[in-house]
Amino acid sequence: MAQYIIKRLLLLPFLLFIFSIIAFILIQAPPGDFVTSYIAELAASGSAVDQAQIDALREQYGLDQPMTVQYFKWMGNILQGDLGVSLDWKKPNNELIRERFALTLALGVFTFLITWSIAIPIGIYSATHQYSFLDYFFTVFNYFGVATPTFMTALVVMYLAFKYFGISVTGLFSPEYVDAPWSWDKFVDLLSHLWLPALILALDGTARLARVMRANLLDELKKPYMEMARAKGMSEWRLVMKYPVRLAFNPLVSTIGWYLPLLFSGSLIVATVLNLPTIGPLLLRALIVQDMFLAGAIILIYMFLAVIGTMISDILLAWLDPRIRMEGS
Amino acid sequence: MSTNLAPPVSDPQNLPPTGDEAAVVLPDIGRDAEAIYVAPNWKLVWWRFKKHRLALVSGIVVIFIATIALLPEFYSTLPPHESDSIRSFIPPQRLRFFAGDGTFLYVQDVKGQRNQKTLMMEWVPDEEKIIPVKLFARGFEYNLLGLIPTDIHLLGVENPDSGQKFHLLGTDRLGRDQWSRLMFGTRVSLSIGLIAVMLSIFLGILLGGISGYFGGTTDLIIQRLIELLQSLPPIPIWMALTASLPRDWSVEQTYFAITIILSLLGWTTLGREVRGRFLSLREEDFVVAAELIGCGKPRVIFRHMVPTFYSHIIAASTLAIPVMIINETFLSFLGLGMRPPAISWGVLLQEAQNLQSIALAPWLLLPGLAVIITVLALNILGDGIRDAADPYS
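Residues numbered from 1 in each chain as written. Chains lettered and ligands numbered in written order. Predicted model: local features only at pLDDT ≥ 70, side-chain atom pairs only at ≥ 80, totals over all residues.

### A look at the overall build of chain B
Then step 1. Within chain B, the secondary structure is distributed over 14 helices and 4 strands.
Then step 2. Classification of the 393 residues of chain B by burial places 40% in the buried group. (Helix = DSSP H or I, 4+ residues; strand = E, 2+ residues; numbered from the N terminus. Buried ≥ 20, exposed ≤ 12 C-beta atoms within 10 Å, placed from the backbone.)

The structure is reproduced here in structure tokens:
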């Protein structure tokens, strides 16, 4: 087991290296470098262009040097914990991202917990009561869940909350807590706002997950060991919970690998609609005004989250299923 | 409804409707067995598919939506770009039947009045005036399928010279007719999904096929590439790529760029599927036989192997189209995909992006319903095809 984990962890730097190259290519893709667009923007707003500052920026990121040098300069700064400066916000990126990153993570984990705690009971019920009324109901619900883009759900919820309760459900904090330092009250306030976006996001994942769980469990329920256990007089409830559910979990755990990255990047759209202070809306704005170092830093963070998600799912799977961890050795 | 093969004794229609993983029962082998033995593959798939009634209905819905994508001009009532700032935010006007004076089809006219409290212009139904509507009415001129000049529309005002207008789904901030815009948006959104999937299929079959057929190092490299692409977070990557498209590109250029961007990450699932099929088919007797009688590799692949999993590819791509449609919608919704003056579902929904506009004009959310219906129909259809895809199982 330890060997397997170490093997996976050794792969991590290599993957991140490749991903950082992709992120770098992405932020280089827009025509012209960002200093040029920065100058154009300054000139357009009528403010004086400070040549010394521009030279300093060019120097800092080595914009007059070849691509490879630029990449290593960028990467070197990031490895030292410096994500660069946002030209749009005129602030260090670290400062911009820090708190938003924590909130993104909180929203993701919260959504994940909601998704699993709804989807698994639905999956188990649907499989054990196949073709019952509730099974059909959940099937229909699942189809709609998959077919509705999350931002549509967010828009509709926003509209209904406004129309029938007269409240605006945007943001993650009440106005009085937005700039307040962290305290217990602020945390409680956060929780009271977090559940709604989390629930909206969970809708999509729940539908998929419940379908996977139902299918897996149905496969297991047909197997002969079920007959065997029944013949021995085991109660149905204990039987289902003890064997097939555990086995049906394995493929489900492997879905974490693609679900977590999807969750973090998927929250981006809902966050934009509901105006949540996560890194998603920050990325959107950065991309639109071509604040490329901020965009690059955020894309790198999303990639990092994706890799970690895959890693967690691989390790969990190996822990659950001995066949996988024995494969390599 | 039921095939002539279905035996009356054990009626397969009495079985519970099939979910996505429930087995579909083939016509009883005992009777008419010969018909089944001699039936070509596609016929078996079709018989089996017909049993899944929901999928059949979804198929019809999809065909209907496809005709909208082909002939948006025919289905629309007004030119989609025609704006009239005075007629902004008119609520949807419902189609009504049998007016008092014997008009068969009509809508209630609206009149504007100022809200005394907010001083905003508001539209209320004008009880006295009705606008008679008829099927296949004359309206603005267009070229059917880009070829045949005509001015016939599915719905239109009975008297085109009266200058009357009606808006089935209301109007937006610039007074543009949302129904007509939705029809034109269907063309863009649906075709982006289709083209993006076709590109994905091409890449998927090419690379998945190479990977599965040749194996060895080639397989290893392509598999690692697929794994790498699949572990990338797609949404930020798409956003970064579409944001870097030059702003001065024409609508067509952006359109094709977006389909390419979407399929760049989208081919991997199909690639995996194709590879798996190739791996299992490579050992089959008929492939070995084809190789032994001296068929070249391209012939073995395209003449003997690919036809056996056509239906799987069709199923996989039917399920991939809705994903692409949703992706295009959210990109345009965020202002990174198609941009006005292009019309797509995402562009339409962009009008409903904030609480102010939804509170003022909730009908701006209606294009979202088109997205949901289309995606739902395509998903159910895809599930049905997938279940029917392997008639020998």
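### Here's the deal with the overall build of chain A
Then step 1. Regarding its fold elements, chain A presents 14 helices and 2 strands.
Then step 2. Considered along the principal axes of its C-alpha atoms, chain A spans approximately 85 × 60 × 40 Å.
Then step 3. Out of the 329 residues belonging to chain A, those deemed buried represent 36%.
Then step 4. Restricting to contacts in chain A with at least 6 residues of sequence separation, those with at least 24 account for 73%. (Contact = placed C-beta atoms within 7 Å.)

### Some details on the interface of chain B and chain A
Then step 1. Listed by partner, the interface residues are 36 residues for chain B and 42 residues for chain A.
Then step 2. Looking at the side of chain B that touches chain A, the elements that each hand over two or more residues are α7 (234-243), α11 (310-333), α13 (355-360) and α14 (366-388) of chain B.
Then step 3. Here the side of chain B that touches chain A takes 8 residues from α7(B), the largest share from any one element.

### Some words on the nonpolar core
Then step 1. Core analysis: the biggest nonpolar cluster contains 143 residues, and L283(A), A295(A) and I298(A) have the highest contact counts within it.
Then step 2. Not counting residues within four places of it along the chain, the set of residues in contact with I298(A) comprises I97(A), I279(A), L282(A), L283(A) and A286(A).
Then step 3. With 7 residues, the next largest nonpolar core counts Y106(B), I131(B), V157(B) and F166(B) among its residues. (Core = buried A, V, L, I, M, F, W, Y, C linked by C-beta atoms within 7 Å.)

### Comments concerning the pairing of strand β4 (residues 148-157) of chain B
All names here are of chain B.
Then step 1. Bridge count for strand β3 (residues 121-144) against β4 is 8 bridges, and the pairing is antiparallel. Within the sheet, the bridge partner assigned to V133 lies in β4 and is V157.
Then step 2. The loop that links β3 with its antiparallel partner β4 comprises 3 residues; one of these, L145, has a positive phi angle of about 55 degrees. (Pairing = 2+ DSSP bridges.)

### Focus on the environment of G112(B)
All names here are of chain B.
Then step 1. Structurally, the position occupied by G112 is in strand β2 (residues 105-114).
Then step 2. The spatial distance from the C-alpha of G112 to the C-alpha of M305 is 66 Å, given a sequence separation of 193 residues.
Then step 3. Other than its neighbours up to four places away in sequence, G112 contacts M121 and W123.

### Thoughts on the packing of helix α3 (residues 53-70) of chain B against helix α5 (residues 178-214) of chain B
All names here are of chain B.
Then step 1. Remark: α3 packs on α5, axes separated minimally by 7 Å, with the N-to-C direction vectors making an angle of 105 degrees. Put simply, α3 runs roughly perpendicular to α5. Packed against α3, whose contacting residues are I65, I68 and A69, the element α5 presents M183, T186, R187, L190 and S191 at the interface.
Then step 2. For the contact of α3 with α5, the per-class residue count stands at 5 nonpolar, 2 polar and 1 charged. (Axes fitted to C-alpha atoms, helices over the stretch in contact; angles between N-to-C directions. Parallel < 35°, antiparallel > 145°, perpendicular 65-115°, else oblique. Nonpolar A, V, L, I, M, F, W, Y, C, P; charged D, E, K, R; others polar.)

### Describing the sheet that holds β2(B)
Strand pairs in the sheet, formed through backbone hydrogen bonds, run parallel or antiparallel to each other.
Then step 1. As summarised here, the arrangement of the 4 strands in space is β1-β2-β3-β4 (chain B), forming an open sheet in which the pairing is antiparallel. Each of the sheet's edge strands pairs with one partner strand only, and the pair in question is β1 (96-97) and β4 of chain B.

### Here we look at unusual backbone geometry
Residue and element names in this part refer to chain B.
Then step 1. Put simply, P340 and P341 share a cis peptide bond, and its omega is 15 degrees.
Then step 2. Mapping P341 onto the fold places it in the loop between α11 and α12 (345-350).
Then step 3. A positive phi angle, near 55 degrees, is found at F89, a position not held by glycine.
Then step 4. Position of F89 relative to the elements: it lies in the loop between α4 (72-75) and β1.
Then step 5. The exposure class assigned to F89 is buried, which follows from the 20 C-beta atoms found within 10 Å.
Then step 6. Non-glycine residue F136 carries a positive phi angle of around 50 degrees.
Then step 7. If you trace the backbone, F136 turns up in strand β3.
Then step 8. Given 10 C-beta atoms within 10 Å, F136 falls into the exposed group.

### Let's talk about the domain arrangement of chain B
Then step 1. Under the domain assignment, chain B is made up of domain 1 (93-166) and domain 2 (180-389).
Then step 2. Computed over C-alpha atoms only, the centres of domain 1 of chain B and domain 2 of chain B are separated by 38 Å. (Domains from an automatic or database assignment.)

### Brief notes about the packing of α5(B) against helix α6 (residues 216-230) of chain B
Each packed pair of helices is defined by two parameters, the angle between the axes and the distance between the axes.
All names here are of chain B.
Then step 1. Where α5 contacts α6, the two axes come as close as 7 Å, and the packing angle between them is 140 degrees. Between α5 and α6, the angle falls in the class oblique. Handedness of the crossing formed by α5 with α6: left-handed. Every residue of α6 that contacts α5 at L207, I210, S211 and F214 is listed here: G216, T218, D219, I222 and Q223.
Then step 2. In the contact of α5 with α6, the residues fall into 4 nonpolar, 4 polar and 1 charged. (Left-handed = near helix turned anticlockwise from the far one by under 90°.)

### Here's the deal with the confidence of the model for chain B
Residue and element names in this part refer to chain B.
Then step 1. Per-residue confidence for chain B gives a mean pLDDT of 80; residues scoring 70 or more make up 89%.
Then step 2. When the criterion is pLDDT under 50, residues 1-19 qualifies, and its contacts beyond four places in sequence or with other chains add up to 24 contacts.
Then step 3. Model confidence for the complex: the whole-complex pTM is 0.82, and ipTM, which rates the interface, is 0.83. (pLDDT = per-residue confidence, 0-100.)

### Brief notes about the environment of M1(A)
All names here are of chain A.
Then step 1. Mapped onto the secondary structure, M1 falls in the segment before α1 (2-28).
Then step 2. Owing to 11 C-beta atoms within 10 Å, M1 belongs among the exposed residues under this scheme.
Then step 3. Considered as a pair, M1 and V289 are 288 residues apart in the sequence and their alpha carbons are 47 Å apart.

### Describing the pairing of β2(B)
Residues and elements named next belong to chain B.
Then step 1. The pairing of β1 with β2 spans 2 bridges and is antiparallel. Within the sheet, the bridge partner assigned to F97 lies in β2 and is L105.
Then step 2. Taken together, the 8 bridges between β2 and β3 define a ladder with antiparallel strand orientation. Note on β3: the bridge partner recorded for K111 is V124.
Then step 3. Between the end of β2 and the start of β3, which pair antiparallel, lie 6 residues, with L119 showing a positive phi angle near 60 degrees.

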